[in-house]
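Chains, contacts and geometry: an overview
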There are 2 protein chains.
Amino acid sequence: MGDSTLETLATPALVLDRPTLERNLTTMATAVGRHGVRLRPHLKTAKSVEVARRAIAGQAGGIAVSTLAEADYFAQAGFTDQLYAVGITPQKLARAAALIRRGVNLVLTTDDVGAARAIAALATAEGLAIRTVVEVDCGEHRAGVAPDSEQLLAVAAALGPCCIGVMTHGGHSYGCQTPAEAAVVAESERVAAVTAAERLRSAGVAVSMISVGSTPTARFANRLDGVTEARPGVYMFQDLFQIQLAGDPLDSIAVTVLASVTSVRPAEGVVLVDAGGIALSKDRSTASAPTDYGYGLLLDLDGQPSFGRALVERANQEHGVIRLPNPADCARLPVGSLVRIATNHICMTAAAFDRYHVVDGTRTITAVWPRVNGW
Amino acid sequence: MGDSTLETLATPALVLDRPTLERNLTTMATAVGRHGVRLRPHLKTAKSVEVARRAIAGQAGGIAVSTLAEADYFAQAGFTDQLYAVGITPQKLARAAALIRRGVNLVLTTDDVGAARAIAALATAEGLAIRTVVEVDCGEHRAGVAPDSEQLLAVAAALGPCCIGVMTHGGHSYGCQTPAEAAVVAESERVAAVTAAERLRSAGVAVSMISVGSTPTARFANRLDGVTEARPGVYMFQDLFQIQLAGDPLDSIAVTVLASVTSVRPAEGVVLVDAGGIALSKDRSTASAPTDYGYGLLLDLDGQPSFGRALVERANQEHGVIRLPNPADCARLPVGSLVRIATNHICMTAAAFDRYHVVDGTRTITAVWPRVNGW
């Protein structure tokens, strides 16, 4: 691999800068570690064994996953401590049970009495420990039972001995614009999780997992007492949305899209690239952030913002349309020029690709790391 | 396959209703056929050999593709007449030339003098016919030279004998809300393409390809005289955006996402499904259509809109949040229920999946058709 460089790649392609990844991993490990809770990296963003190994270095070893395809993939690579952090359905139990039989401590998630009963019934029928956490709503209003609800106790009761605790996700932290605001959401996660856990303990449940987390809350929480673990995900790579919230520099974005210029319109200061809506994703999360980056920010081949605020203003299927603040910059970007693009939401962007081309601050590709996609 | 049904699938999954596909293919074949021009189906949406074979039935046999991965895939399946309808870069020429050497009549696209020179140089050096069309802008203002520009003649001159004509794409038809409006854009495509072609002929170019098309313009054009072919793509499947523009019924959507309910909030009339931003895509194209469908419309397992205007109002990575107009409908959708979701833009949605599960108006899966993704 030592001789391959970014210039040799077919575009579009994903580029992962390893030193930036390592810095981001350290930042989060430090942030979570100061509270004395475990870090359970959520691999929904990276979906990569190589990234996962680095993310658990120095940690307890557990990971979170968002699909059973991820659970299978990481199990095959030897990851035996996994939290499947999306509500399970009865139909998916057979696949989950197969992983548990293979020795994976795969913890399931539900907020539903019917699903809980199906889990408990399967556990009894198969003589299998199917550890499950009850999902609690801490204010995001997506999934989860209210921490003070009867529903919490009903789900736990239906789970019986399968219930090992609670999880919550402060996804409303994505509505925050500052670390201080994220800290407020973090406290709502902590209070909801600990409240629910205490109620389960009072009801006789042996609670061993109290799991919280999103990238903004895990990083900026002021306290996590009572919680056993945090499970952020996107922090590994960062993106245009996350760096605004965190106040991080642009060079904390570890993963960008390598693209080629396919058309130039010098009079208008517009260039087209071969990274469009599929390669960048149609995510527009920065539309509600202080700075709206369209569908992405143009960087040069070395990852530097050397064209100013040059945004992808349209993203058709295979066409990204970029407007250059200085139209004369078109002369620096003839057709075939290689560029990199930072995107709004790297979880969505990376999902279009099957591998990362790894660099170490230069254009030389030092490794290729596969990803698992699909379900 | 005869015994498999939708109930046996891991969700989320893509479902393709074959009778609907066949109807959509007939509608477009009839619409384009009445003008006496060839239909070159664009496979950027379907990316499937099985769909492509049906789309070219009764046609001249040519297809359009949006990536070289598609070109490779269709070449392997015996499709020898292909238009790669995205601007080529010099770096991609070796891969394109390899296909041409294997006997594929792969027509390239460019609007750039530099790329045109690289094409001509390679053709001369290798003694290879690298047929290329000049991309013309008919008002979309994405790629392409103006039909009355000096640039048109400069690109053709740089191509030399490689130049075989022009192509244009009336993508601004996506800003239309009625067939009559789309017909106006269709005429702008026709006039731009024919004008450019006539100028090339006057300059001595042997023009054999004058290619236009988008789904709305190809279907609703009032005239296509002077044009040699139309290359629509999404018409095969249709989606919530296209049916509004065309005034088609909901049951003209051939491809939907099968999903499972993962959480229910009866008090609010909200259900969550395991199809989120990756499975549905974050495309919001109906935001500018007469009816905004959020991230998609909930259908029952048989593809019927039996929950009224039940929209996916949020799409996180693996969570779709659906609000039911009648909260009591939550009782019909316990966790584990299977549903189908029609989406805004099926080109983007389908890109997350590697196969279609084919049904013939029932729940029985009669075939599985693979897709090619990536680049």
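What counts and what doesn't
- Residues numbered from 1 in each chain as written.
- Chains lettered and ligands numbered in written order.
- Predicted model: local features only at pLDDT ≥ 70, side-chain atom pairs only at ≥ 80, totals over all residues.
- Heavy atoms only, no water.
- Helix = DSSP H or I, 4+ residues; strand = E, 2+ residues; numbered from the N terminus.
- Rg over C-alpha atoms; globule rule 2.2 N^0.38 Å.
- Buried < 20%, exposed > 50% of the residue type's maximum accessible area, 1.4 Å probe, protein only.
- Contact = heavy atoms within 4.5 Å.
- Areas by Shrake-Rupley, 256 points an atom, 1.4 Å probe, with all protein chains shown as cover.
- Core = buried A, V, L, I, M, F, W, Y, C linked by side-chain atoms within 4.5 Å.
- Domains from an automatic or database assignment.
- Pairing = 2+ DSSP bridges.
- Axes fitted to C-alpha atoms, helices over the stretch in contact; angles between N-to-C directions.
- Salt bridge = Lys/Arg side-chain N within 4 Å of Asp/Glu carboxyl O.
- Polar contact = N/O pair within 3.5 Å; in protein donor to acceptor, adjacent residues only side chain to side chain.
- Nonpolar A, V, L, I, M, F, W, Y, C, P; charged D, E, K, R; others polar.

1. Topic: the overall build of chain A
A count of helical and extended segments in chain A gives 11 helices and 17 strands. Its C-alpha atoms give chain A a radius of gyration of 22 Å, near enough to 21 Å, the size a compact globule of 375 residues would have. On the principal axes, the C-alpha backbone points of chain A span a range of 70 × 40 × 35 Å. Out of the 375 residues belonging to chain A, those deemed buried represent 65%. Considering only residue pairs separated by 6 or more positions, chain A has 67% of its internal contacts joining residues 24 or more positions apart. Total accessible area computed for chain A in this model is approximately 12,100 Å², and 53% of it derives from carbon and sulfur atoms.

2. Here's the deal with the nonpolar core
Generally speaking, a soluble globular protein has its nonpolar side chains buried in company with each other. Core analysis: the biggest nonpolar cluster contains 111 residues, and L106, M236, F237 and Y356 of chain A have the highest contact counts within it. The residue makeup of this core includes at least three contributed by each of domain 1 (6-12 + 245-370) and domain 2 (35-238) of chain A. Excluding anything up to four places from it in sequence, F237 of chain A contacts L16, L21, N24, T45, A46, V51, S252, I253, A254, V255, I346 and Y356 of chain A. Among the nonpolar cores identified, the runner-up in size contains 108 residues, and V134, C162, A193 and V207 of chain B belong to it.

3. A look at the sheet that holds strand β5 (residues 105-110) of chain B
Working definition: the strands of a sheet are paired by backbone hydrogen bonds and lie parallel or antiparallel to each other. Residue and element names in this part refer to chain B. Strand order in the open sheet formed by eight strands is β2-β9-β8-β7-β6-β5-β4-β3, and the pairing between neighbours is parallel. Looking at which strands have only one partner, the edges of the open sheet turn out to be β2 (38-39) and β3 (63-65). In the packing of helix α6 (residues 150-159) onto the sheet, contacts are made with β5, β6 (132-136) and β7 (163-168), and the angle to β6 comes to roughly 170°.

4. Considering the interface of chain B and chain A
Between chain B and chain A, the residue contacts involve 49 residues of the former and 49 residues of the latter. Our count for the chain B to chain A interface comes out at six salt bridges. One salt bridge in this structure joins D274 of chain A and K92 of chain B, with 2.5 Å as the shortest N-O distance. Across the contact surface, chain B and chain A share 22 residue pairs in polar contact (both at pLDDT 80 or more). Elements with a contribution of two residues or more to the side of chain B that touches chain A: β10 (255-265), α10 (277-280) and α11 (346-350) of chain B. Examining the composition of the side of chain B that touches chain A, we find that five residues originate from one element, β10 of chain B, more than from any other. The class makeup of the residues in the side of chain B that touches chain A is 20 nonpolar, 15 polar and 14 charged.

5. Digging into the pairing of strand β8 (residues 209-212) of chain A
Residues and elements named next belong to chain A. Taking every second residue as pointing to the same face, both faces of β8 are buried, with M209 and S211 on one and I210 and V212 on the other. The pairing of strand β7 (residues 163-168) with β8 spans three bridges and is parallel. Paired with M167 across the bridge in β8 is S211. Note that β8 and strand β9 (residues 229-230) share two bridges and pair parallel. When the bridges of β9 are listed, S211 appears paired with E229.

6. Some details on the pairing of strand β13 (residues 311-315) of chain B
Looking down a regular strand, the side chains alternate between one sheet face and the other. Residue and element names in this part refer to chain B. With four bridges joining them, β13 and strand β14 (residues 320-323) adopt antiparallel strand pairing. Across the sheet, R314 pairs through a bridge with V321, a residue of β14. Linkage of β13 to β14, two consecutive antiparallel strands, is achieved through a turn of four residues.

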